[in-house]
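# Architecture at a glance
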Amino acid sequence: MKHIFRNKKISAAVTVVPKEERRFDDEYPGYKLTEEKAKKFKKMMGVDRHRIAAPDVTASDLCLFGTRWLLNQGLLKKEEIGAVLFVSQTPDYFIPPTSNVLQGALGLSHDVIALDINQGCTGFLVGLLQAFLMLEIPSMRKILLLNGDTCSKQMSRFNRINYPLTGDAGSATIIERCEEDNPIFCLMNMDGTRHQALMIPAGAYRQPSTPETLVPREVEEGVVRSLQHMQMDGPAIFNFTMEDIPKQIEAALNFSGDSRESIEYFLLHQPNEFILKQMTAKMKIEPAKLPSNIVGIYGNTSSVTVPQNMAHNFGVELEQKSHRVLMSAFGTGLSWATMVMNLGPLAACKIMDYEPA
């Protein structure tokens, strides 16, 4: 898909993270790693610490906290919300949609559309696409985009490859129409033939949950997981990120008429520091323009890494004035998307700690 959206903008974005912080140096003995191997892994992948939600905290809790902050600050009014989009792969329930639960918790009008979108790391851009499309409806004033995942609940704590890189977070983003032409250049691709590269094989209805699917097994040294834990084909995902994503980013720059120099910030999804540094070198992008530090501080928070990247690395700048940015995200599906736009000034671009009600 290739399209130009006009007269739309992101007006505010806040990210919410759990207070609990776990450090790799404390966890690595559980992965059967020697100190030498642990240091090598830590340096290569850029892992240091990550934020993990408490067992009773869900992605919707984190998103709801961020939304209430926006409401309390007067940056959003309930009567302005035309739709609630909840993008997650860790919903509260199979049934009902978590977006409906959030609509009720916020006390919104029955006219407000509530929609769940089952997407992972590409989810922030998928959510933006849906929001831009819904703003074509004349009665829509503002869209509340909620991205959230507690992916640590999908991972085995004894998986030395995935668990140290995983983090939990939620975000709340306001998208609205604007008078400025403000073209937003969007490219999006999907390839379901490679869906097995990143998946949880069991637990739904293709392979229902049984006592057998819940049994953890050691699939390689230091990697213990059940069929109901996330599993990844590492070489396939690495090839995907090195081949498909740079091509799409190049196509997006050509589509928008931009150069690497005209883009001020490259806001990419952050699976790990190693992949991002490899991509930065391959695309010949100035490292200062493409941060790779989110995973080492918060963990890979799925679709929240892009707004988290915005806030952690450039929040003050984006609150002050407009910047030319390229956003790109990629993950399960397989799916990948890139957008080029002017972003800012934002009414808020922050990261905050979650406080239970």
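Above this text you will find the structure in question.
Each residue is numbered by its place in its chain's sequence as written, counting from 1. Selection of residues for local features in this predicted model requires a pLDDT of at least 70, selection of side-chain atom pairs for listing and counting requires 80 or more, and totals for whole chains, interfaces and linings are taken over all residues. With hydrogens and water excluded, all non-hydrogen atoms of the structure serve as input to the side-chain values.

### So, the packing of helix H6 (residues 234-256) against helix H7 (residues 273-283)
Only the contacting stretch of a helix is used when fitting its axis, a line to C-alpha atoms as for every element, and angles between N-to-C directions run 0 to 180 degrees. Labels follow the DSSP assignment, with helices taken as runs of H or I lasting at least four residues and strands as runs of E lasting at least two, numbered in each case from the N terminus. The contact between H6 and H7 brings their axes to 10 Å, and the two run at 40°. Considered as vectors, H6 and H7 are oriented oblique to each other. Considering only the axes of H6 and H7, their crossing is right-handed. The segment H6 lies against H7, with Phe238, Thr241, Met242, Glu243, Ile245, Pro246 and Ile249 engaging Phe274, Ile275, Gln278, Met279, Lys282 and Met283. To sort the angles, those under 35 degrees are grouped as roughly parallel, those over 145 as roughly antiparallel, those from 65 to 115 as roughly perpendicular, and the leftovers as oblique. Throughout, a crossing is termed right-handed when the near helix is turned clockwise from the far one, and left-handed when it is turned anticlockwise from it by less than a right angle. Contact criterion: two residues are considered in contact whenever any of their non-hydrogen atoms come within 4.5 Å of each other.

### Notes on the sheet that holds strand S7 (residues 142-150)
Two strands form a pair only when DSSP identifies at least two bridges running between them. Taking strand neighbours across the sheet as the criterion, the six strands line up as S6-S5-S7-S8-S2-S17 in an open arrangement whose pairing is mixed. With partners counted over all chains shown, the strands left at the sheet margins are strand S6 (113-117) and strand S17 (349-353), one partner each. With direction set aside, neighbouring strand axes in the sheet form an average angle of 15°. Two strands pair when backbone bridges link them, and strand S5 (residues 81-87) and S7 are joined in this way by six bridges, in the parallel orientation. Paired with Ala83 across the bridge in S7 is Ile143. On top of the sheet, helix H9 (residues 305-320) reaches strand S2 (8-17), strand S8 (168-177) and S17; it is set at about 125° to S17, its chief contact.

### Regarding the layout of surface pockets
Throughout, the protein atoms alone are placed on a 1 Å grid, and a set of points is a cavity if a 1.4 Å probe fits but cannot get out or a pocket if it is open with protein on both sides within 12 Å along at least five of seven lines; lining residues have an atom within 4 Å of a point. Grid points are joined across faces, edges and corners, and a volume is the space filled by probe spheres set on the points. Roughly 1100 Å³ of internal volume is contained in the largest pocket. Around the largest pocket, the lining is made up of 36 residues, and of these Gln89, Pro91, Phe94, Gln154 and Ile200 lie nearest the centre. Contributing elements (two or more residues each) for the lining of the largest pocket: S6 and strand S10 (198-199). Within the lining of the largest pocket, the residues separate by chemical class into 17 nonpolar, 15 polar and four charged. Taken as a whole, the second largest pocket encloses approximately 740 Å³ of empty space. Taken together, 36 residues form the lining of the second largest pocket, with Asn162, Leu165, Met232, Ile237 and Asn272 sitting closest to its centre. Where the lining of the second largest pocket is concerned, the elements lending two or more residues are helix H2 (35-45), strand S12 (223-225), strand S13 (231-232), H6, H7 and strand S15 (323-331). Top element by residues in the lining of the second largest pocket is H6. It accounts for five residues. Per-class residue counts for the lining of the second largest pocket are 19 nonpolar, 14 polar and three charged. All amino acids are sorted into three groups, where Ala, Val, Leu, Ile, Met, Phe, Trp, Tyr, Cys and Pro are nonpolar, Asp, Glu, Lys and Arg are charged, and the leftover types, Gly among them, are polar.

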